[in-house]
Amino acid sequence: MADDKLKNIGAKLEGAADEAKGRVKDAAGGLTGDLGLQAEGKYEQFSGMAQQEFADLYEEGEGVVEKAVTFVRDKPLLSLGIVSFVGILLGWLVFPRSKRS
C-alpha cells in the first residue's frame with residue numbers, strides 16, 4: 001500500500017513537471033512564432049494535467065475500495081444480504097418472467 005502511494009505521488013510530480021515543461025515550450029513557441037513548438041507545449045501541458053488528474057482519481061478510488069472492504073469486514077451478514085438482494089433484483093430485471101396462458 002505504501003508503494004502505491006509513493007507511485008501516485010511520483011505520478012503527480014511527473015505530471016506537474018510535464019505541465020511546467022509544456023508551459024515553457026508553449027511560451028517559447030509563442031515568442032519565436034514556432035507553431036510546432038507551441039503545439040508540442042500545449043500537448044505536454046494537457047498530458048501533464050491529465051496525468052495529475054488520473055493520479056487524483058486513483059487516490060479517490062483507493063479510498064472508496066478501502067471503505068467497502070472495511071464495511072464488509074465489519075458487517076459481513078448485512079453485506080451478504082445487500083449482495084443477495086441486488087442479485088435477485090438484477091435477475092428479475094434481466095430475466096423477466098414470461099406470461100403463460
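Scroll up for the structure.
Residues numbered from 1 in each chain as written. Predicted model: local features only at pLDDT ≥ 70, side-chain atom pairs only at ≥ 80, totals over all residues. Heavy atoms only, no water.

## Regarding the overall build of the protein
Operational definition: Under the DSSP-based scheme used, a helix requires at least four consecutive residues in state H or I and a strand at least two consecutive residues in state E, with every element numbered from the N terminus. Buried residues are those whose accessible area, probed at 1.4 Å on protein chains only, stays under 20% of the maximum for their type, while exposed residues exceed 50% and partly exposed ones sit between those limits.
Broken down by element type, the protein carries 3 helices and 0 strands. Reading the helices (α) and strands (β) of the protein from amino to carboxyl end gives α-α-α. Oriented by its inertia axes, the alpha-carbon framework of the protein measures out at about 80 × 45 × 15 Å. Expressed as a percentage of the 101 residues in the protein, the buried residues total 13%.

## Some thoughts on the pattern of salt bridges
Operational definition: Salt bridges are identified by distance alone: a Lys or Arg side-chain nitrogen within 4 Å of an Asp or Glu carboxyl oxygen.
Taken as a whole, this structure holds 6 salt bridges when the rule is applied. One salt bridge in this structure joins Asp26 and Lys42, with 3.1 Å as the shortest N-O distance. Within this pair, whereas Asp26 is found in helix H1 (residues 2–32), its partner Lys42 is found in helix H2 (residues 35–74), the two being separated by 16 residues in sequence. The exposure class of Asp26 is buried, given its relative accessible area of 14%. Here the residues in one salt-bridge network are Lys12, Asp56 and Glu59, joined through shared partners.

## Describing the packing of H1 against H2
Defined as follows: Lines are fitted to the C-alpha atoms to define the axes, a helix being fitted only along its stretch in contact, and any angle between axes, read from their N-to-C directions, falls within 0 to 180 degrees. Should an angle fall under 35 degrees it is called roughly parallel, over 145 degrees roughly antiparallel, and 65 to 115 degrees roughly perpendicular, with every other angle called oblique. Left-handed describes a crossing whose near helix is turned anticlockwise from the far helix by less than a right angle; the clockwise case is right-handed. Gly counts as polar in this scheme, as do all residues outside two lists: the nonpolar Ala, Val, Leu, Ile, Met, Phe, Trp, Tyr, Cys and Pro, and the charged Asp, Glu, Lys and Arg.
Running from N to C, H1 and H2 point in directions that differ by 160°, and their axes come no closer than 7 Å. Taken together, the axes of H1 and H2 lie roughly antiparallel to each other. Remark: the crossing between H1 and H2 carries left-handed chirality. When grouped by side-chain class, the residues that make up the contact of H1 with H2 number 7 nonpolar, 11 polar and 15 charged.

## A closer look at the packing of H2 against helix H3 (residues 76–94)
Note the cut-off: Any pair of residues with heavy atoms lying within 4.5 Å of one another is described as a contacting pair.
Contact pair H2 / H3: the axes reach a minimum separation of 5 Å and the direction vectors enclose 110°. Comparing the axis directions of H2 and H3 gives the class roughly perpendicular. Contacts between H2 and H3 involve Phe71, Val72, Arg73 and Asp74 from the former and Pro76, Leu78, Ser79 and Ile82 from the latter. In terms of residue class, the contact of H2 with H3 is made up of 5 nonpolar, 1 polar and 2 charged.

## Quick look at H1
Here is the rule: Expected span of a helix, by definition, is 1.5 Å for each gap between consecutive residues, and there is one gap fewer than residues.
Along its 31 residues, H1 runs 45 Å from first to last C-alpha, staying within 8% of the 45 Å computed at 1.5 Å per residue. Elements that come into contact with the buried residues of H1 comprise H2.

## Here we look at the side chain of Gln45
Here Gln45 is to be found in helix H2. You can call Gln45 buried: its relative accessible area is 12%. Once you skip the residues sitting within four places of it in the chain, Gln45 turns out to touch Asp18, Glu19, Gly22, Arg23 and Asp26.

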